[in-house]
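Tertiary structure, described
Spelled out, the chains give:
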Amino acid sequence: MEIVNPCYSVLSNYEVMESLKTLKDTKKKYGLRNLATITYETLQYLEDSPCKQETRESIHAFLTEVKNLSCKLTTTECLMMVNDPPTSALHIQLLIEDSEERLSEEQVNEILQIVAKHFPNTPSENT
Amino acid sequence: MFVLAELKDTIRIAPDQFHLKLVEAIRDEINRKLANKVLLNLGLCIALKDIVSLKDSIILPGDGASHTEVLFRYIVFRPTIGSILTGKIRSCSREGVHVTLGFFDDILIPPSALQHPSRFEEAEQAWVWEYPLEDGAKHDLFMDIGEPIKFRVSREIFEESSPIGPPKTDAQQASTSAAASAAVASSQQTEVKTPYRIVAAINESGLGVLSWWDQQNQGAEEGDENEDEDNIEYENDEDGEGAYEE
């Protein structure tokens, strides 16, 4: 076994959920017990998380809009916001490093609005 | 929290798999080998995403199986350091709070990374955050088993762990790879090693059991936002209120 590239790309929780679902549907019934366990457990976790409500389109629209913000956010930060859509200013503070310095209060509110617009089903304080 | 890792391996397809399509057989074989396993310095392998390329299959003398070099991408659980995850409390002990994600259990929040000040309640076997109240008293916030908890990944620890080799002396009888690992195992004796551990922290506002911030968050937020307004209002009201009291 040779590791060519330990991080070829990052995946959002939604993408993982999608591929695991396809895998689960096409899964053969013999042998692969480890695979069955891990897909089941991971799906359980993911279906309990905010990404259950997301769609390919909503993520795409969200990212385009976040990219258009006046503030520069890193890809990792965008990914974290997709995986765990922030619902409060405090939540944004956690996800974004030095948010007090980098983001103005308006920008924080703007992000919250974008989240509310594209991921409306996120429970007010996520599960 | 999930990444796609590009890996290369030579996959052996035994003759009894020859009735399957090569790609199918290889997918199964890769998943059989990697799913739910930790690869050193890579993370917890979840499932095969796609196969990038296949080289020609070869047959080795004395073996009926075919060997194919495969380049493939695998979904791997490896949260970046500093990212925020949500899990459930698995148990509490003197070492700290153990958290599980369902598919991954080896997450520990050491006592030093809990909200300050915290104490361990022996009777309840639970950590308690002694949330200070304004009047000097404190409000005990318990960290009960099963509660959802938000934490920040602060460190990852990979450890070379070996498969359980044959018991003690008969390492020589085992196959070559097992023999090597058995040697390591015997030096470690019965100590169980976890190949991949995550050390987490919750000593920031907004982290910890979700219900802590459910109420407080709204309160604090409103407090923050309205603080200025409130002050002004108070200033305005003060005269009135004062007058009323008098």
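Our subject in this report is the structure included herewith. Counting restarts for each chain: residues are numbered from 1 in the order of the written sequence. Key to labels: chains lettered from A, ligands numbered from 1, both in the order written. Given that the model is predicted, a residue must reach a pLDDT of at least 70 before its local features are reported, and side-chain atom pairs must reach 80 or more before they are shown or counted; all residues, however, enter totals for whole chains, interfaces and linings. The basis for every side-chain value is the complete set of heavy atoms in the structure, and neither hydrogens nor water enter the calculation.

**Quick notes on the sheet that holds strand β8 (residues 118-121) of chain B**
Residues and elements named next belong to chain B. For two strands to be treated as a pair, DSSP must find no fewer than two bridges joining them. The secondary structure listing takes helices from DSSP runs of H or I that are at least 4 residues long and strands from runs of E that are at least 2 residues long, numbered from the N terminus. Read from one edge of the open sheet, 3 strands run β8-β9-β10, paired in antiparallel fashion. Only two strands of the sheet have a single neighbouring strand rather than two, namely β8 and β10 (138-143). Ignoring which end each strand starts from, the neighbouring axes of this sheet average 30° apart. As paired elements, β8 and strand β9 (residues 126-132) share 4 bridges and run antiparallel to each other. Bridge pairing in β9 links E121 to A126. Here an axis means a line fitted to C-alpha atoms, over the contact stretch when the element is a helix, while the angle between two N-to-C directions is reported on a 0 to 180 degree scale.

**A closer look at the packing of aromatic side chains**
For any pair of aromatic rings, the description consists of the separation of the ring centres together with the inter-plane angle of the planes. Aromatic rings from Phe, Tyr and Trp, with only the six-membered ring used for Trp, were paired whenever their centres fell within 6.5 Å, and each pair was classed as stacked if the ring planes differed by under 30 degrees, edge-to-face if by over 60, and tilted otherwise. For the coordinates displayed, the defined rule picks out 13 aromatic pairs over all chains. The interplanar angle of 40° and the centroid separation of 4.9 Å between the aromatic rings of F62 of chain A and F119 of chain A together place this pair among those described as tilted. Linking F62 of chain A in helix α3 (residues 56-67) with F119 of chain A in the segment after α7 (105-118), this pair joins segments that are 57 residues apart in sequence. Both residues of the pair, F62 of chain A and F119 of chain A, count as buried. For the ring pair F72 of chain B and Y74 of chain B, a centre distance of 6.3 Å and an interplane angle of 75° mean the geometry is edge-to-face. For every residue, the accessible area obtained with a 1.4 Å probe (protein chains only) is divided by the maximum for its type, and the residue is called buried under 20%, exposed over 50%, and partly exposed between those limits. Since its relative accessible area comes to 0%, F72 of chain B is described here as buried. Taken together, the ring pairs connect Y45 of chain A together with F2, F77, F103, F104, F158 and Y196 of chain B into an aromatic cluster.

**Let's talk about the interface of chain B and chain A**
Only heavy atoms enter the contact rule, under which two residues are in contact if any of them lie within 4.5 Å. Counting from both sides, the interface comprises 51 residues of chain B and, opposite them, 42 residues of chain A. When chain B packs against chain A, the two sides together hide about 4100 Å² of surface, and 60% of this comes from carbon and sulfur. Defined in terms of a 1.4 Å probe, buried area is the accessible area two parts forfeit on being brought together, summed over both. Three residues, F2, L4 and E6 of chain B, lead the burial of chain B against chain A; their summed loss comes to 14% of the area buried on that side. Salt bridge, as applied in this entry: a Lys or Arg side-chain nitrogen positioned within 4 Å of an Asp or Glu carboxyl oxygen. Close ionic contact of K88 of chain B with D48 of chain A constitutes a salt bridge, the shortest N to O distance being 3.6 Å. Here a polar contact means two N or O atoms within 3.5 Å. Within protein one must be a hydrogen donor candidate and the other an acceptor candidate, and residues neighboring in sequence count only if both atoms are side-chain atoms. Here chain B is connected to chain A by 12 residue pairs in polar contact (both at pLDDT 80 or more). Mapped by element, the contributors of at least two residues to the side of chain B that touches chain A are β1 (2-13), α1 (22-34), β3 (43-59), β4 (66-77), β5 (84-93), β11 (148-158) and α3 (210-245) of chain B. Ranked by the residues each element gives to the side of chain B that touches chain A, the list is headed by β1 of chain B, at 8 residues. Gly is placed with the polar residues, together with every amino acid not listed as nonpolar (Ala, Val, Leu, Ile, Met, Phe, Trp, Tyr, Cys and Pro) or charged (Asp, Glu, Lys and Arg). Considered class by class, the residues forming the side of chain B that touches chain A number 25 nonpolar, 10 polar and 16 charged. Looking at chain direction, strand β1 (residues 2-11) of chain A and β1 of chain B are connected through 6 bridges and run antiparallel. In the strand pairing of β1 of chain B, N5 of chain A is matched with E6 of chain B.

**Things to note about the packing of helix α1 (residues 13-26) of chain A against helix α2 (residues 33-47) of chain A**
Working note: a packed helix pair is described by the angle between its axes plus the distance between those axes. Residue and element names in this part refer to chain A. Running from N to C, α1 and α2 point in directions that differ by 135°, and their axes come no closer than 10 Å. Taken together, the axes of α1 and α2 are oblique relative to one another. Both α1 and α2 take part in a crossing whose hand is left-handed. Contact residues: α1 offers N13, V16, M17, L20, K21, L23 and K24, while α2 offers L35, T39, T42, L43, L46 and E47. Grouping the amino acids of the contact of α1 with α2 by side-chain chemistry returns 7 nonpolar, 3 polar and 3 charged. For classification purposes, angles smaller than 35 degrees are called roughly parallel, those larger than 145 roughly antiparallel, those between 65 and 115 roughly perpendicular, and all remaining angles oblique. Here a crossing is taken to be left-handed if its near helix is turned anticlockwise relative to the far helix by less than a right angle, and right-handed if that turn runs clockwise.

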